[in-house]
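A closer look at the structure
One letter stands for each residue in the lines below.
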Amino acid sequence: MSRKIAPTPGDTLTSVATLRAETTVRKPSPRRFVMCRPDYFDVTYCINPWMDPEAPVDRALALLQWETLRATYEEYGHKVDVVPGVPGLPDMVFAANGGLVVGDRAMSARFTHVQRAAEGPAYHNWFAKHGLAGLVDAKEINEGEGDFLLVGDRMLAGMGFRSSLAAHREVAQHFSRPVLSLELVDPRFYHLDTVLLPLDDNTIAYFPPAFSAESQAVLAELFPDAIVATDADAEVLGLNGVSDGLNVFLSDKAVALSEALRARGYHPIGIDMSELLKAGGSVKCCTLEIHE
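Along each chain, numbering runs from 1 in the same order as the chain's sequence is written. Confidence filtering applies because this is a predicted model: local features only for residues at pLDDT of at least 70, side-chain atom pairs given and counted only at 80 or more, and all residues used for totals across whole chains, interfaces and linings. Remark: hydrogens and water are excluded; side-chain values derive from all non-hydrogen atoms of the structure.

This part covers the layout of surface pockets. Where empty space is left in the structure can be found by rolling a water-sized probe over the atoms. Considered as a void within the structure, the largest pocket measures approximately 520 Å³ in volume. If you go around the largest pocket, you meet 28 residues; those closest to its centre are Arg-31, Leu-150, Ser-243, Glu-289 and His-291. Numbering goes from the N terminus for both helices and strands, where a helix is a DSSP run of H or I of at least four residues and a strand is a run of E of at least two. For the lining of the largest pocket, the secondary structure elements donating two or more residues are strand S6 (148–151), strand S9 (196–198), strand S12 (242–243) and strand S15 (288–291). Residues belonging to the lining of the largest pocket are distributed by class as follows: eleven nonpolar, six polar and eleven charged. Throughout, the protein atoms alone are placed on a 1 Å grid, and a set of points is a cavity if a 1.4 Å probe fits but cannot get out or a pocket if it is open with protein on both sides within 12 Å along at least five of seven lines; lining residues have an atom within 4 Å of a point. Grid points are joined across faces, edges and corners, and a volume is the space filled by probe spheres set on the points. Here the nonpolar group is Ala, Val, Leu, Ile, Met, Phe, Trp, Tyr, Cys and Pro; Asp, Glu, Lys and Arg are the charged ones; every other residue, Gly included, is treated as polar.

Let's shift gears to the state of the cysteines. Cysteine sulfur pairs qualify as disulfides if the two atoms are within 2.5 Å. Under the defined criterion, the tally for this structure stands at zero disulfides. Free cysteine Cys-36: the closest other cysteine sulfur is in Cys-286, separated by 9.2 Å. Cys-285 provides the cysteine sulfur closest to Cys-286, a residue in no disulfide bond, and the two sulfurs are 6.8 Å apart. When a residue's accessible area, from a 1.4 Å probe over protein chains only, is under 20% of the maximum for its type it is buried; when over 50% it is exposed; and in between it is partly exposed. The class of Cys-286 is buried, set by a relative accessible area of 0%.

Sheets are built from strands paired through backbone hydrogen bonds, the pairs being either parallel or antiparallel. With mixed pairing, the three strands of this open sheet are ordered in space as S12-S13-S14. Looking at which strands have only one partner, the edges of the open sheet turn out to be S12 and strand S14 (267–271). Two strands qualify as a pair provided that DSSP identifies no fewer than 2 bridges between them. Here five bridges tie strand S13 (residues 247–251) to S14, and the two strands are oriented parallel to one another. Paired with Ser-251 across the bridge in S14 is Ile-271. Here, two residues are considered to be in contact whenever any of their heavy atoms come within 4.5 Å of each other. Here an axis means a line fitted to C-alpha atoms, over the contact stretch when the element is a helix, while the angle between two N-to-C directions is reported on a 0 to 180 degree scale. Helix H2 (residues 59–75) contacts S12, S13 and S14 of the sheet and is inclined by roughly 155° relative to S14.

Residues of helix H3 (residues 119–129) that are buried include every one of Glu-119, Gly-120, Ala-122, Tyr-123, Trp-126 and Phe-127, and no others. Relative to the axis of H3, the buried residues are bounded by an arc of 165° and lie together on one face. Those residues of H3 that are buried are in contact with strand S1 (32–36), strand S2 (79–83), strand S3 (99–102), strand S4 (105–108), strand S5 (135–137) and S15. Two residues or fewer past H3, Gly-131 is found with a positive phi of approximately 70°. The arc in question is the one traced by the directions running from the helix axis out to the C-beta atoms.

On to the pattern of salt bridges, then. Pairs can form between side chains of opposite charge whenever their charged atoms are close. Salt bridges are defined by distance alone: a side-chain nitrogen of Lys or Arg within 4 Å of a carboxyl oxygen of Asp or Glu. Following the criterion strictly, the structure yields 20 salt bridges and no others. Arg-32 serves as the salt-bridge partner of Asp-81, at 2.7 Å between the closest nitrogen and oxygen. Of this pair, Asp-81 sits in strand S2 while Arg-32 sits in strand S1; the two residues are 49 residues apart in sequence, bridging distant segments of the chain. A salt bridge links Asp-272 to Lys-253; the nearest nitrogen and oxygen atoms lie 3.5 Å apart. Here the residue Asp-272 occupies a position in the loop between S14 and S15, and Lys-253 occupies one in the loop between S13 and helix H7 (255–263), the gap between them amounting to 19 residues. The network of salt bridges with common partners includes Arg-37, Asp-39, Glu-67, Arg-70 and Glu-74.

Purely geometric stuff here, so don't read any function into it on its own.
In structure tokens, the structure reads:
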């Protein structure tokens, strides 16, 4: 429960937000996640600016970091379902891209690049075997929760590099909810989940320079109390995180963002995802949420 606080002339927006946080009791809610073991993780091709096939990958370390993330979710009371990896699909570990599951509807992904195309059917088959209702496969280019993030009842959707505007319409129709399209403009941040982190039903953290001027204006209007990430935090994919309303699981390298979260009443939990970052992914990329 929060009380109304009137800012004094000397208050900054940040200090007002901090005062509000001090009067707000944040509570976690149990979540259900889908993850895929990185048994076949590697960087053998380049489809984003993070990937360098010449740089060595330590698969054992990647697996250890992934296991730490999975165990941490479970330690905080969340359920994790594990999808087995498929040989020849090194990016399948990034389960967030596998599809969307909201309520009684599900949709498997359709990938932009041929190197990842087989991941869509692989996740579709897993969804079907586990009885997810209202399951369809995407007809338009749609990279799942990489570009579609639920904030309360509002679906935010990225476009510009991967998921198409036509996919936004397809998602709106299938899930019977409005979709707000946001344009991404920095190729380093090719998915929405690399620069926008839903914290609860009303609050986000994001990195404004990754969006077009029009999309920046929309986000500023919708989320005036948003946490704005620094360049340094964006550059380590600090916003590629997961929140349960109180606990925020994110890269341990996102130092300033963690401090900002703590000041607003959240509990940041840093996870080392450095090996998976070599393919352009971090905490959220490894985590598909089943929004029940």
